[in-house]
Structure formats: C-alpha cells, structure tokens
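Chains, contacts and geometry: an overview
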Amino acid sequence: RDDGDETGQARAFLAGHSLGGTQAAIFAALHPERVQGLALLGTPLHFGPMVGDLDRLVATSPPAQAVTLTLGNVPGSFLNLASAWASPKTYEFDRWQDWFDSLRDAWAVQTHVRVERWMLDESPLARRFFEEVMEQLYRRDLLLRGELLVGGRRAGPDLVEAPLLNVVDAQCRAVPPEAVIPFHEAAKSPDKRLLWYARDVGVALYHVGMLVGRSAHER
C-alpha cells in the first residue's frame, strides 16, 4: 500500500538476511522514497568467481536454465546440496564443530538443534527467480554495477539513499566481506555503518548466527 494507512508511515524500515537482504537492497534502490532505513545481515551484494565459494561454483556451472529445465522450481534439497558442494567447510564441517562445542551448554544445544530443523524447511525457489538470481546477480554482478533492471527500472548502490547497516562475518566463505563492502562503500546513503559478527556457539550454521546467536541479541 502506498498511503501508509496500516502504519501511519509512508516509509518502512527494511531488514533482510542473506538473499532476502539482497532483495531488500534492490527494493531500497528502486523505491528510495519508501525506505526509512536498511539493515542487511550476511547479505551478498557483490558477486563474481573471486568473491565467495558459491560464486566460484556458479562460475563453473552450466546456465541456470539447464537446472530449471530439469527441475522446474528448484527444490530446497538441491540448494542445500549445491551449497554443501560449494563450501563444505561452511555447510558441513563447521556445523559438526559447532555441535561438539555446544555439548557443554544446554542453551547452545537447543539452539543448534532448532537451526538444524529450520534448515530442513528450505523452500523451493521459483524457476524464473532462480534463473534471474544466478544469471543477473551471480554471473553478471549487475546490482553492484548499477545495471540491474526490474520492471524497466534500474537498481544500483548509487540509488540507495536510506541509512544503511551491514552486519558482516569476517570468516564467512559463503558471504565474505568482499561480497558486502564494495556495495556498502558505493551506496549513496549518507549514514552508513558496518558491524562485525564475532560468532557464537550453538548456531549450527555460522551464516545464521548473526540472527540467532547470543551476541546477535546482546549487541
């Protein structure tokens, strides 16, 4: 709704994690007049074979249409398998290490198990959305280049005007600092801040630790 009847506000605060944050950033670029502030957590904003583990997998893979012609909408199980193939340390080894580190702490064990259960609920990605993300973002990096077109409108960091917060994990291989900082620096926002996630025990997947970990809620 454009009139703000439900909230009494014409602008909203947007927060997004991972690919959801990428979509929030695109919305903020397309509709700067609608965004009061933008908080992005572990969000990939710059793509390419020299950036992260997932980017390197995409660079050596066939076109996205080769996947969708077989699978249609892309199942969550396929996405999980591809992620583990691209970055086994992030999606396999680190999870087991976190489990062993959690055993001395009942809260950590409980949170770890909840995250593991949540990962089993991975929803499928719509066929067209998967193709556009793989080809326009991961393969061509159109968002950072300011050349991404959505409904005929251009999206790029130079169009993001809202106050901007990026939360970054310096050790993450799926969304490393290199995937975040170039966009952060290029954004037009006059008020920008980077927060560095220090990691927690009991989060299973460090990539979601900045959402569920103790330090995430304390800081």
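See the structure above.
Rules used in this analysis
- Residues numbered from 1 in each chain as written.
- Predicted model: local features only at pLDDT ≥ 70, side-chain atom pairs only at ≥ 80, totals over all residues.
- Heavy atoms only, no water.
- Axes fitted to C-alpha atoms, helices over the stretch in contact; angles between N-to-C directions.
- Helix = DSSP H or I, 4+ residues; strand = E, 2+ residues; numbered from the N terminus.
- Parallel < 35°, antiparallel > 145°, perpendicular 65-115°, else oblique.
- Left-handed = near helix turned anticlockwise from the far one by under 90°.
- Contact = heavy atoms within 4.5 Å.
- 1 Å grid on protein atoms, 1.4 Å probe; cavity = no way out; pocket = protein on both sides within 12 Å on 5 of 7 lines; lining within 4 Å.
- Points joined across faces, edges and corners; volume = space filled by probe spheres on them.
- Nonpolar A, V, L, I, M, F, W, Y, C, P; charged D, E, K, R; others polar.
- Pairing = 2+ DSSP bridges.
- Expected span 1.5 Å × (residues − 1).
- Bend = angle between axes of the 7 residues up to and from the residue.
- Buried < 20%, exposed > 50% of the residue type's maximum accessible area, 1.4 Å probe, protein only.

Overview of the packing of helix H5 (residues 88-102) against helix H6 (residues 106-119)
- H6 packs onto H5 with a crossing angle of 150 degrees between their chain directions and a minimal axis gap of 8 Å. It follows from the interaxial angle that H5 and H6 lie roughly antiparallel. Crossing geometry of H5 relative to H6 is assigned as left-handed. Packed against H5, whose contacting residues are Arg95, Asp98, Trp99 and Ser102, the element H6 presents Ala108, Val109, His112, Val113, Glu116 and Met119 at the interface.

Re the layout of surface pockets
- In this structure, the largest pocket spans a volume of roughly 1300 Å³.
- Elements that contribute at least two residues to the lining of the largest pocket include exactly helix H1 (19-30), helix H2 (53-59), helix H3 (64-71), helix H4 (76-86), H5, H6, helix H7 (127-139) and helix H10 (206-212).
- Per-element accounting of the lining of the largest pocket gives the leading share, seven residues, to H4.
- Grouping the constituent residues of the lining of the largest pocket by class yields 30 nonpolar, 10 polar and seven charged.
- Of all the elements in the fold, those that place two or more residues in the lining of the second largest pocket are H1, H7 and strand S3 (148-150).
- Among the elements that make up the lining of the second largest pocket, the one with the highest residue count is H7 (six residues).
- Along the lines of polarity and charge, the residues of the lining of the second largest pocket split into nine nonpolar, three polar and two charged.

Overview of the sheet that holds strand S1 (residues 12-17)
- Read from one edge to the other, the open sheet built from four strands follows the order S1-S2-S5-S6, with strand pairing classed as parallel. The open sheet has two free edges, formed respectively by S1 and strand S6 (192-197), since each of these has just one partner strand. Adjacent strand axes in the sheet meet at a mean angle of 15 degrees, parallel and antiparallel pairs treated alike.
- Bridge count for S1 against strand S2 (residues 35-41) is six bridges, and the pairing is parallel. Counterpart to Leu14 in the pairing with S2 is Leu38.
- The strands touched by H1 within the sheet are S1 and S2, with S2 carrying the most contacts at an inclination of about 155 degrees.

Concerning H5
- The terminal C-alpha atoms of H5, which comprises 15 residues, lie 20 Å apart, in line with the 21 Å expected from a rise of 1.5 Å per residue.
- At Asp94, H5 shows its strongest bend, of approximately 35 degrees.
- All of the buried residues in H5 are Thr90, Tyr91, Asp94, Asp98 and Ser102.
- Elements in contact with the buried residues of H5: H2, H4, H6 and H10.

None of the figures reported here should be taken as evidence of function without further support.
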